[in-house]
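Each chain, written out:
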Amino acid sequence: MSKTIFRELLDKEASPALGCTEPMMFALGGAITRKHAPGKVLRVDMVGCGLMVTGVQAVGIPKTGGKTGAFLASAVGIINGDADACKEVLHNITPKDVEAAEELVKNAEFTLDMDNSTGKQVYFKLTLTTDEHVATVIFEDEHHTWTYLEVDGKVLVDNRRPTTEMLIPANDVDWNEFTIENIYNWCKTADISEFGRAKEAVAMNKILAQDGIDNPRGIQTARVLMDNIESGFVAPDEITHILIWATAGADARMGGSDYPAMVSTASGNQGAMVVMGPWACAEYRKCSEEDGYRAVAFGLLVNTYLKYLSKEYVYMPPTCSCAATSAPASAAGVAFLHGLSPKQINDMLCTCMIHMAGVVCDGAKPSCAFRMFTSLFGCLEAMMMAEKGIRATNVEGFVHNDIKVTVENLYRLQHDVLHNKVDAILWDIVKEQKVIH
């Protein structure tokens, strides 16, 4: 494996997506089935794994003015979703489409239930029944990857794979080459032409973050912090600047922003934090654009490194990977600009892992931004500790001296003890609170 693996991973794992991945997937399912099932819509039946059916409930749907819910997300996809646009399926939605979708939800029967029996990280099935046709689509492993399509009892596509063969990119990586030190050296020395995706990511995610700063999106973590700078309660220092810009994109995205995000390893929230943390640091320190792009690329690759180590790709079940990987990766990009060595960054990352290790993912929601903010603040402290030679050591719980083994230990702890149990309990809570819609 040549060092071009780093360029390949940048291009592969950073891509544009409009809206949170859960409502995007529900809308895409609606759009795909509608292409094959014209006629009057009678029923829309949906089943998904735990984090899919809970995560779609509270996040804003793009182009709807911040409206939420599985039923509306699938309905707007049925009304005017662009199935060919994949992760940007909602880009054409208009206010009239939203009104039509709301009428559809009132007049047709919509159902939603959880199914964790497949063992898949991502699993979602939508069946659209009209007065003329019945179409079913199934998504597996990734939010935008549909593997099965059936129309009127005829199977048109069947690319489903058993759980033993599900998407695990870690199996295709040479871990002797894919190391923190090698990522660091490549980002330091590669020609600037290699960092085009990092440049695109900054341009895209800065617009998204600006939306979160300018408008009351989501839980408004970044805006509240800015308000307290104006009141004098919070200092306008470098850390505050980083926290605002790294968190604002998640605020916007969870609130239903109409601007796309450049995702990082299947997550727009992670892309927002991983990109804008280092970029905000570069702006504050008046670094060159080239240094900023190198730091952003380093953060993106570190996030991919940490996510691949989880062996699950989309989630590190049931850990909140937005807090447990993207915040450390964002801080790693900041550390890159602060001149920390690969060993110091390794030490920082090990300390970061203990910070949010016990935090489970309970689905996408506006408060994800607050959780990410909390994690990034701790990770920046871990960076300052690493500069002074202070770190969590291998006598402290699951932590190992090497970040690779540390993450593997965390995966064992979380997956073997809590996998699937958290989702089942969470779905029960969602039903008890009567917030399914």
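Residues numbered from 1 in each chain as written. Predicted model: local features only at pLDDT ≥ 70, side-chain atom pairs only at ≥ 80, totals over all residues. Heavy atoms only, no water.

The name given to the protein chain in an unreviewed UniProt entry is L-serine ammonia-lyase, iron-sulfur-dependent, subunit alpha, with the source organism recorded as Flavonifractor plautii.

Q: Hey, could you run me through unusual backbone geometry in this one?
A: As a rule of thumb, non-glycine residues mostly have phi less than zero, and peptide bonds are mostly trans rather than cis. Despite not being glycine, Asp152 has its phi angle at roughly 50 degrees, a positive value. Assignment of secondary structure puts Asp152 in the loop between β6 (146-151) and β7 (154-158). Look at Ala266: it is not a glycine, yet its phi comes out positive at around 75 degrees. Along the chain, Ala266 falls in the loop between β8 (261-262) and α10 (268-284). (Helix = DSSP H or I, 4+ residues; strand = E, 2+ residues; numbered from the N terminus.)

Q: What is the right way to look at the packing of helix α4 (residues 70-80) against helix α5 (residues 95-107) in this model?
A: What describes two packed helices is the angle between their axes and the distance between those same axes. At a minimum axis distance of 8 Å, the contact between α4 and α5 shows a crossing angle of 120 degrees. Taken together, α4 and α5 sit at an angle that is classed as oblique. As for how α4 packs across α5, the hand of that crossing is right-handed. In this structure, α4 uses Phe71, Leu72, Ala75, Val76, Ile78, Ile79 and Asn80 to contact α5, whose residues at the interface are Asp97, Val98, Ala100, Ala101, Glu102, Leu104 and Val105. Class assignment of the residues belonging to the contact of α4 with α5 gives a composition of 11 nonpolar, 1 polar and 2 charged. (Axes fitted to C-alpha atoms, helices over the stretch in contact; angles between N-to-C directions. Parallel < 35°, antiparallel > 145°, perpendicular 65-115°, else oblique. Left-handed = near helix turned anticlockwise from the far one by under 90°. Contact = heavy atoms within 4.5 Å. Nonpolar A, V, L, I, M, F, W, Y, C, P; charged D, E, K, R; others polar.)

Q: What am I meant to see in the domain arrangement of the protein chain here?
A: You'll often see interface size given as the accessible area lost when the parts meet. For the protein chain, the domain assignment lists domain 1 (15-158) and domain 2 (180-429). Computed from C-alpha atoms alone, the centre-to-centre distance between domain 1 and domain 2 is 29 Å. Counting residues at the interface gives 32 residues for domain 1 and 29 residues for domain 2. Overall, the association of domain 1 and domain 2 removes approximately 2400 Å² of surface from exposure, summing both partners, and the carbon and sulfur fraction of that is 58%. If you sort the residues of domain 1 by the area they bury against domain 2, Ser15, Leu51 and Gln121 come out on top, with a joint share of 24%. Counting every contact that joins domain 1 to domain 2 gives 0 salt bridges. At the surface where domain 1 touches domain 2, the tally comes to 6 residue pairs in polar contact (both at pLDDT 80 or more). Elements supplying a minimum of two residues to the side of domain 1 that touches domain 2: β1 (16-17), α2 (21-36), α3 (50-55) and β3 (109-114). No other element matches α3, which puts 6 residues into the side of domain 1 that touches domain 2. (Domains from an automatic or database assignment. Buried area = accessible area lost by both parts, 1.4 Å probe. Salt bridge = Lys/Arg side-chain N within 4 Å of Asp/Glu carboxyl O. Polar contact = N/O pair within 3.5 Å; in protein donor to acceptor, adjacent residues only side chain to side chain.)

Q: Can you help me understand helix α6 (residues 180-189) in this one?
A: What sets the pattern is the α-helix's 3.6 residues per turn: residues three or four places apart point alike. All of the buried residues along α6 are Ile180, Asn182, Ile183, Tyr184, Trp186 and Cys187. Buried positions along α6 lie against α1 (4-13), α11 (289-309), α12 (321-338), α13 (342-355) and α15 (403-418). (Buried < 20%, exposed > 50% of the residue type's maximum accessible area, 1.4 Å probe, protein only.)

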